[in-house]
Amino acid sequence: MALAPILRRTLVPAVLLAAMGAAGFTLYRYVADRVTPGEQPDGTFLVTTDQRLTPFGLVQRIEGARPKDLALSPDGSVVAVMCTGRVAFFDADGKPRGEVRLRTGALGISWNQDGSSIWVSGDQGQLTLVRREGDRWAIAGTFKPEQPTDLQTIKGGNPQPTGLAAGSTPTQMWVALGRRNAVLRYDLSGIGSSGTEQLRETIATQAAPYAVASDGSGGYAVANRGGRLAGSNEPGADSAGTLVAIDSGTDAASRGSVTLFGPQYANPIHVETGRQPSGMAYSPNKELLAVADSDGDTVTLIDPRAGKKLATVGLRPPIEPTFGHEPTGVAFSDDGQTLFVSCGGINALAVLQRENNVWKLAGQIPTAWYPIAVRQKAGKLYVACSKGFGNRLKGKTTRFGVHDNVGAFQVVDVADALAKLPALSAQVASNSRWGEEQPARRNQPPAVIPERVGEPSVFKHVVYIIKENHTYDVDFGDIKEGNGDPSICIFGEDVTPNAHALARQFVLLDNVYTSGTNSADGHQWTSTAIANAYTEQNYSANTRSYPYDGGDPLAFSPNGFLWTAATANRIPVRVYGEFVDRPLVRDPATGKAPTWTQLWTDYKAGGSKYEIRAVTSQAALRKVLHPNYIGFPSIVSDQWRADQFLKDFRSWVNGGEMPALSILLLPNNHTNGTSAGMPTPRAMTADNDLALGRIVEAITNSKFWKDTLILVIEDDSQLGPDHVDGHRTVAQGISPYTRRGAVVSEFYNHTSFIRTMGLVLGFPALTRFDRVATPLRACFVDKPNLAPFKSIPNRVPLDEMNPPANSLTGEARRLAELSSKMDWGDVDVADADVVARAAWQSVRPKERFPAEKFHPNKDD
């Protein structure tokens, strides 16, 4: 099956739509079959990872939440689905049977032995007991487990309860503590009464225990996402206080393991698995333990009685051979001859069947978006799909903000699915556009965007600029030629004149989407073309880390980053600010961090008083990182960041060699809400806009312009509303070969940009997502136009400051007080709802915030 574009495209040449801007540039429209996320005319669903959904079987929507885990009652009559912010209950036929609201963690839900109640792991270090009371479910009590001192090598903080499994009595429960590298058995008979909780047993595991499985006969297994800890002579990196073994070429966690324990073992046994083991299941006869290796795209089969690994079974078919299937859970059929694997990356259940004691991939069954857990009972599969149907939250008014999650619960009849497996497998392949990648051809003339990796391009340099959090309408809603809504535009041309001028003079992209939802997964998508299963599992429960800037090897794709791919392919690369997880900004005289005003005053005076250094925990990144250019915190102006890059750029112009790939983070359009002592949201966005304009001006007026491609995109789109979709974002493609004055409405996302870079520079796809992504070909022509860009001075003073909260009244004061109380030392720690509302109120103080077009995740 060859790779093929989804969309038909028709170019309408020389059709003048409008004159735009003082420079008199004209806008031409490149007509495409505009496709936007959501339900399509053929009944399929399109999601922002550019995949179609055709879930098989009965599917129930779970409005406003993402499923994380599920558990079947001992008698199989009730399915409890753990979601963000709630547990939803269904009967065995998939009918809703109520829900209970509570704070939940990454995963961890288990019925007690007699099925009278369930336990749920929470994001604040707690376990919650839920019991049925008549026709409803209710919280009966909470408990915070902790590891005893003798094993507590990682002290303090949230221990991160994760996987749960019922003990040998109705009141006993095993609890994995992800940040303590242990699993504990508690007698919890005191919950909800006058009794007390008692610790009965502690088992030391390996790094980052998550899922727990029971064989029903006293044997247990714990999946350790980080595996055996790094030894003294091995490369390792910190993950929440644990030294995790890593691949020195990519900085990603390099192994996983399962800890087996119970009365049948003299001591706990650690069995090595593939990378980042996730869900597990025992076979009906207890002779096999199947483990989903989420970063290996494999299933590890273990003999639990002997405590040894038997086999590793691959999940990638020949026409989809690249990393990104992301197995998250496993379930055996009743006879133990078939294994079903939930694969979040391909929106499907992989089907493995045993033939002559050899397990082989037989096909796939389509699911909703990102199946994250699966169970099987009496011929029925129960599947929890984390992202479900995307972001079209139904209610009095349909909302489609980036966090308006619509999860899904799916029930599949096993016999029906297996009878239709060939057709269902073909549907899965079509939904994600599987196909073989063709090798490069010899003697091809240079193309703007080559057809195949390894074929020559007219471009020799790519400058990739990552910004923060804006939707399309927030910035470009005022551009009438695009698909914008001016009523919700808050950073229009008066604030972002350079971005607007670039859209006019080069190309306006009005149908580009972020693949993720926030900076934790957004920066993974922008730099690695995937958010791995660990990142997805921890959505809205980032207890271990919030890895927007690196700092957690468990969050990194095993295939590495753009910079590691470039290095591996001998492509010169330089990184500015991205994944700098230990930035240093201080006054050497006092050792303290300066204020924004102090830094700005010093910057205008020449910038010599304060120390600014870029430090990262990632060894592979350190080799190509600019030593002073930092991302966050935003007390540093984007003008300073632009200066660091332009200093290097001038050295290249003056005889040096420009790297083939430059990656820049320009973060200040994130804003600091209306915090006193910081610039206003529009001033910070104007700062960001001017930095972009200055960088583009320098490049377009240089000797490198003739063969340079500049790509610009936001990491996520949390800041503000959008009338099309909360994932729709601002993006730009700037080059001499850009189709000037055009509106391009083809569907693109983060992976489209990464695929374009790979084709231009000649490095292979990082994941299955960019391998099949639509490149930005519609944005370019064959004949270059070398006219340079002239940056436009800021129209908003960059030092326009937020007023003190006590000088304000009403909603403005409330938002200012909330902004000032929040932690701005790190990206996205602040409440996204407050940030967006504060930005809106500061620009449109007399207008109602359009809540129906925006709904953030308050748990982030």
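Predicted, not measured: the structure shown is a model, and the values here were computed from it. (Residues numbered from 1 in each chain as written. Predicted model: local features only at pLDDT ≥ 70, side-chain atom pairs only at ≥ 80, totals over all residues. Heavy atoms only, no water.)

A. The arrangement of the overall build of the protein in detail. The secondary structure content of the protein amounts to 15 helices and 46 strands. In terms of overall size, the protein behaves like a compact globule, its C-alpha atoms giving a radius of gyration of 27 Å where 860 residues would be expected to give roughly 29 Å. Along the first, second and third principal axes, the C-alpha atoms of the protein reach 75 × 65 × 60 Å. A burial count over the protein gives 64% of its 860 residues as buried. The long-range fraction of contacts in the protein, counting pairs at least 24 apart against all pairs at least 6 apart in sequence, stands at 64%. Carbon and sulfur atoms make up 49% of the accessible area of the protein, which amounts to about 29200 Å² in all. Across the protein, the mean location of the 87 positive side-chain charges is 2 Å away from that of the 89 negative side-chain charges. (Helix = DSSP H or I, 4+ residues; strand = E, 2+ residues; numbered from the N terminus. Rg over C-alpha atoms; globule rule 2.2 N^0.38 Å. Buried < 20%, exposed > 50% of the residue type's maximum accessible area, 1.4 Å probe, protein only. Contact = heavy atoms within 4.5 Å. Areas by Shrake-Rupley, 256 points an atom, 1.4 Å probe, with all protein chains shown as cover. Lys, Arg positive; Asp, Glu negative; His and termini not counted. Charge placed at Lys NZ, Arg CZ, Asp CG, Glu CD.)

B. Focus on helix α11 (residues 681–700). Taking 1.5 Å of rise per residue, the 20 residues of α11 would be expected to cover 28 Å, and the 29 Å separating its terminal C-alpha atoms lies within 8% of that figure. The element α11 is extensively covered by neighbouring structure, given that 17 of its 20 residues are classed as buried. (Expected span 1.5 Å × (residues − 1).)

C. Highlighting the pairing of strand β9 (residues 86–91). Most of β9 sits out of view: six of its six residues are buried. Side chains Arg86, Ala88 and Phe90 of β9 all project onto a buried face; the interleaved residues Val87, Phe89 and Asp91 project onto the opposite face, where all are buried too. Alignment of strand β8 (residues 78–83) against β9, held across six bridges, turns out to be antiparallel. The residue of β9 that forms the bridge with methionine 82 is valine 87. (Pairing = 2+ DSSP bridges.)

D. Seen up close, the sheet that holds strand β33 (residues 369–377). Judged by pairing direction, the sheet is antiparallel, and its four strands sit side by side in the order β6-β35-β34-β33 without closing on themselves. In this open sheet, the two edge strands, each paired with only one partner strand, are β6 (58–63) and β33. Shown here is a sheet whose adjacent strand axes are inclined to one another by a mean of 20°, direction ignored. By the bridge criterion, seven bridges tie β33 to strand β34 (residues 380–388) in an arrangement that is antiparallel. Paired with lysine 377 across the bridge in β34 is lysine 380. (Axes fitted to C-alpha atoms, helices over the stretch in contact; angles between N-to-C directions.)

E. How the structure looks around the sheet that holds strand β24 (residues 269–273). A sheet is described by the order of its strands in space; here four strands give the open sequence β19-β20-β23-β24, paired in antiparallel fashion. A single partner strand is all that each edge strand has here, and the edge strands are β19 (207–214) and β24. Pairwise comparison of adjacent strand axes, ignoring direction, gives a mean angle of 25° for this sheet. Where strand β23 (residues 256–261) meets β24, five bridges bridge the pair, whose relative direction is antiparallel. Considered in β24, the bridge of valine 258 is made with valine 271.

F. Broad picture of the pattern of salt bridges. Per the stated rule, a full pass over the model turns up 39 salt bridges. A salt bridge links aspartate 581 to arginine 582; the shortest N-O distance between them is 3.9 Å. Overall, aspartate 581 belongs to the buried group, its relative accessible area being 17%. A salt bridge links aspartate 638 to arginine 641; the nearest nitrogen and oxygen atoms lie 2.8 Å apart. Remark: arginine 641 and aspartate 638 occur in helix α10 (residues 638–653); sequence separation between them is three residues, near one turn of the helix. (Salt bridge = Lys/Arg side-chain N within 4 Å of Asp/Glu carboxyl O.)

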